[in-house]
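One letter stands for each residue in the lines below.
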Amino acid sequence: MFPAQLLHGEQFEAYGVRRAMFVSGFYTGDPLLMNRVKWRFGDHRDILVTTTEPVERAVLSTIVSISTSEFHLTADGDWEGPRPEAQSVADADATCMGEAPCGDSLKHDFLTTVGNLSALQELAAAIPNSERVGLMSGQGWNTTGTRLTFRHQLFRHRERDEDYANLADWPVYTYTAREALDAVGYTHYAVPISAYDIEGYIVPPNTYQQHFRGALAQIDFTLAHEVVEEEDVYRASIRSMRVLRNPTTQGTQQHRRG
């Protein structure tokens, strides 16, 4: 849920959104964020929750520039065959990298964001001196060169008969992905990203890259942690995202995974 709900056709203004995020209390660029969230530790997975009653899953908000490199926020996650993290197309995530935005205030907020997320990583870390993977990469935790990874689970296992099997018409970009998706058509269903353009209209799955690659965007996300093969792994899962400034023409060209 966006902190400021606007009507279709109404233009977002980045600094207005920023002010609304501070009011929400869960803006990653807020120095007071750490007082409002905590980890709920589980046997196999930890999740970030609110500190106030009722305690619930914390949904954080941030403003980032979506990188034009390593952009895989597509309807098939750029899946072209088995890879270590996605043996099947049903395991594929759509991912993108968030970078420091332009503008002094937003760039300063990004530094605070990096500091907050780094501190949250350390609070959940279970393996001493292990590499923290899955969330932050780049030139260091306290620099604007840091990049943040956001991801969305595209396909889920059908657990109920009423789960809609919508894979036949789901857009993919290679014959390999089409064939693999057809093979899981009766066991999985697709989950579109709650993605909105600059005017608040829903973005169709086949145009994610057109709208978001190279754009300034608000991303609302949840945070989780688990230990995988002796590494602390963090996952920022997209709840919703919206374009605040459209990308340049150069930012809309799609690159597949190498």
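Our subject is the structure listed above.
In what follows, the accompanying structure is described.

**With respect to unusual backbone geometry**
Okay, so step 1: Residues Glu 53 and Pro 54 are joined by a peptide bond in cis, for which omega reads -10°.
Okay, so step 2: Along the chain, Pro 54 falls in the loop between β2 (46-50) and β3 (60-66).
Okay, so step 3: You will see that Asn 129, though not glycine, has its phi angle at about 60°, which is positive.
Okay, so step 4: Even without glycine at this site, Glu 229 takes up a positive phi of about 50°.
Okay, so step 5: Examined against the element boundaries, Glu 229 turns out to sit in the loop between β11 (216-228) and β12 (231-245).

**Here we look at the packing of aromatic side chains**
Okay, so step 1: Summed over the entire model, instances satisfying the criterion amount to three aromatic pairs.
Okay, so step 2: Plain terms: the ring middles of Phe 150 and Phe 221 are 5.2 Å apart, the flat faces sit at 70° to each other, and that makes the pair edge-to-face. Here the residue Phe 150 occupies a position in strand β7 (residues 147-153), and Phe 221 occupies one in strand β11, the gap between them amounting to 71 residues. Taken individually, Phe 150 and Phe 221 each receive the classification buried, so the pair is uniform in this respect.
Okay, so step 3: Taking the centre distance of 6.3 Å and the plane angle of 75° together, the rings of Phe 155 and Trp 170 count as edge-to-face. Within this pair, whereas Phe 155 is found in strand β8 (residues 155-157), its partner Trp 170 is found in the loop between β8 and α3 (175-183), the two being separated by 15 residues in sequence. Across the pair, Trp 170 and Phe 155 agree in class, each one buried.

**Some details on the environment of Leu 106**
Okay, so step 1: Topologically, Leu 106 is positioned in helix α2 (residues 104-124).
Okay, so step 2: On the basis of relative accessibility, which here comes to 3%, the residue Leu 106 falls in the buried class.
Okay, so step 3: Taking the C-alpha atoms as reference points, Leu 106 and Ile 63, separated by 43 residues in sequence, lie 7.5 Å from one another.
Okay, so step 4: Every residue in contact with Leu 106, bar those within four places of it in the chain, is listed here: Tyr 15, Arg 18, Tyr 27, Ile 63, Pro 101 and Leu 216.

**A few points about the pairing of β2**
Okay, so step 1: Within β2, five of the five residues are buried, which leaves it mostly tucked inside the rest of the structure.
Okay, so step 2: Alternating residues of β2 divide into Asp 46, Leu 48 and Thr 50 and Ile 47 and Val 49, and every residue in both groups is buried.
Okay, so step 3: Bridging between strand β1 (residues 37-40) and β2 involves four bridges; their strand directions are antiparallel. Bridged to Trp 39 within β2 is Leu 48.
Okay, so step 4: Of the strand pairs in this sheet, β2 and β11 are connected by two bridges, and their pairing is antiparallel. Along β11, the bridge assignment pairs Asp 46 with His 225.

**Details of the pattern of salt bridges**
A side chain with one charge can pair with a side chain of the opposite charge if their charged atoms come near.
Okay, so step 1: All told, the structure shown has 10 salt bridges when counted by the stated rule.
Okay, so step 2: In this structure, Arg 18 engages Asp 109 in a salt bridge whose closest nitrogen and oxygen atoms are separated by 2.4 Å. Taken together, the residues Arg 18 in helix α1 (residues 14-24) and Asp 109 in helix α2 connect sequence positions 91 residues apart.
Okay, so step 3: Looking at Arg 18, the relative accessible area reads 18%, which means it is buried.
Okay, so step 4: A residue is classified by how much of its surface remains accessible, and Asp 109, at 2% relative accessible area, is buried.
Okay, so step 5: Residues Asp 93 and Arg 151 are paired through a salt bridge, measuring 3.6 Å at the closest nitrogen-oxygen approach. Of this pair, Asp 93 sits in strand β4 (residues 93-99) while Arg 151 sits in strand β7, and the two are 58 residues apart along the sequence.

**Some details on the side chain of Thr 222**
Okay, so step 1: Tracing the backbone shows Thr 222 in strand β11.
Okay, so step 2: Each residue touching Thr 222, except ones within four places of it in the same chain, is listed here: Arg 57, Ala 58, Val 59, Arg 235, Ala 236, Ser 237 and Arg 239.

**Side note on the nonpolar core**
Okay, so step 1: Core analysis: the largest hydrophobic core is formed by 54 residues, its most contacted members being Leu 73, Leu 117, Phe 150 and Phe 212.
Okay, so step 2: Each residue touching Phe 212, except ones within four places of it in the same chain, is listed here: Ile 66, Phe 71, Leu 73, Ala 195, Tyr 196, Val 203, Ala 217, Met 241, Arg 242 and Val 243.
Okay, so step 3: Grouped together as the second largest cluster of nonpolar side chains are eight residues, Ala 14, Leu 106, Leu 216 and Leu 244 included.

So, how was this worked out
Residues numbered from 1 in each chain as written. Predicted model: local features only at pLDDT ≥ 70, side-chain atom pairs only at ≥ 80, totals over all residues. Heavy atoms only, no water. Helix = DSSP H or I, 4+ residues; strand = E, 2+ residues; numbered from the N terminus. Phe/Tyr/Trp six-rings, centres within 6.5 Å; stacked < 30°, edge-to-face > 60°. Buried < 20%, exposed > 50% of the residue type's maximum accessible area, 1.4 Å probe, protein only. Contact = heavy atoms within 4.5 Å. Pairing = 2+ DSSP bridges. Salt bridge = Lys/Arg side-chain N within 4 Å of Asp/Glu carboxyl O. Core = buried A, V, L, I, M, F, W, Y, C linked by side-chain atoms within 4.5 Å.

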